[in-house]
Amino acid sequence: MRDIHCHILPGVDDGASSIRKSLQMLEAAQAAGITSIVCTPHVRKPYFDYDAMWDAFELLQSQAGGFPLQMGWEVNHGELMRLGLDWADYLHFDGSNEFLLELSTGCTAYDFRDYERTIFALQGKGYEVIIAHPERYAAIQKDIGLAQRLVDMGCKLQASADYVSGGRFGKEKKYARRMLKEGLYTYLASDAHRVDHYRDFEKAKQDFGL
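The structure displayed is predicted, hence computed values, not measured ones. (Residues numbered from 1 in each chain as written. Predicted model: local features only at pLDDT ≥ 70, side-chain atom pairs only at ≥ 80, totals over all residues. Heavy atoms only, no water.)

The secondary structure content of the protein chain amounts to 9 helices and 9 strands. Computed over its C-alpha atoms, the radius of gyration of the protein chain comes to 16 Å, within 12% of the 17 Å expected for a compact globule of 210 residues. Each of the three principal axes of the protein chain carries a C-alpha extent, and together these read 45 × 40 × 25 Å. Split into buried and exposed, the 210 residues of the protein chain put 52% on the buried side. (Helix = DSSP H or I, 4+ residues; strand = E, 2+ residues; numbered from the N terminus. Rg over C-alpha atoms; globule rule 2.2 N^0.38 Å. Buried < 20%, exposed > 50% of the residue type's maximum accessible area, 1.4 Å probe, protein only.)

A word on the pattern of salt bridges. Across all of its chains, the model carries 15 salt bridges by this definition. A salt bridge links arginine 44 to glutamate 102; its shortest N-O distance comes to 3.8 Å. With a gap of 58 residues between them, arginine 44 in the loop between β3 (42–43) and α2 (50–63) and glutamate 102 in strand β6 (residues 98–102) connect regions that are remote in the sequence. Under the relative-accessibility criterion, arginine 44 is labelled partly exposed at 21%. Overall, glutamate 102 belongs to the buried group, its relative accessible area being 8%. Between arginine 136 and aspartate 162 there is a salt bridge, with its nearest N and O atoms 3.1 Å apart. Taken as a pair, arginine 136 in the loop between β7 (128–132) and α6 (138–142) and aspartate 162 in the loop between β8 (156–160) and α8 (172–181) lie far apart in primary sequence, 26 residues in all. Here arginine 136 matches aspartate 162 in class, with each residue buried. Taken together, the shared-partner salt bridges in this structure form one network comprising Arg136, Asp162, Glu172 and Asp191. (Salt bridge = Lys/Arg side-chain N within 4 Å of Asp/Glu carboxyl O.)

Here it is, written out as structure tokens:
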């Protein structure tokens, strides 16, 4: 089972703070049935340091005992706009055309006009856009039809497993279950920042029939 969203790289964002903790997370991931991981550090303030993140990936890869790891990124829409769309060529999943895009948690339906323009631009560059944890976004919580709109545009939606315990903001469970029931999700990911997040992943696997 491939985990496409995980903050396992050491010392580069709000995930693993050391290589020791990264390796503990890796052990927990394997115990949860994960067979490969895309490492997706945050591309947003205050964390983004491209070279340091690649260094962290290479360090983890050197100590992972051959476990399949892929370098990727969780790219915040606002930060991508600040950096410029040309940065997409450096921030897709290494070796594939997948691009993990994070929207604003407090977004409104009005914001989706900007998101759609960005998504079309990314697709025009040949990228398959994956939307990270849509269950967290205020606009989608207010109107689930916006999630369907993203799917109709060709995006794939990724649930973060912490929805089973309420999610990052305490109210995502209801919205995630509704999107799951309506068949809007393509991916379940751990979005793990620490070892105990894999407990939620184990529970969420049952909802997804994995």
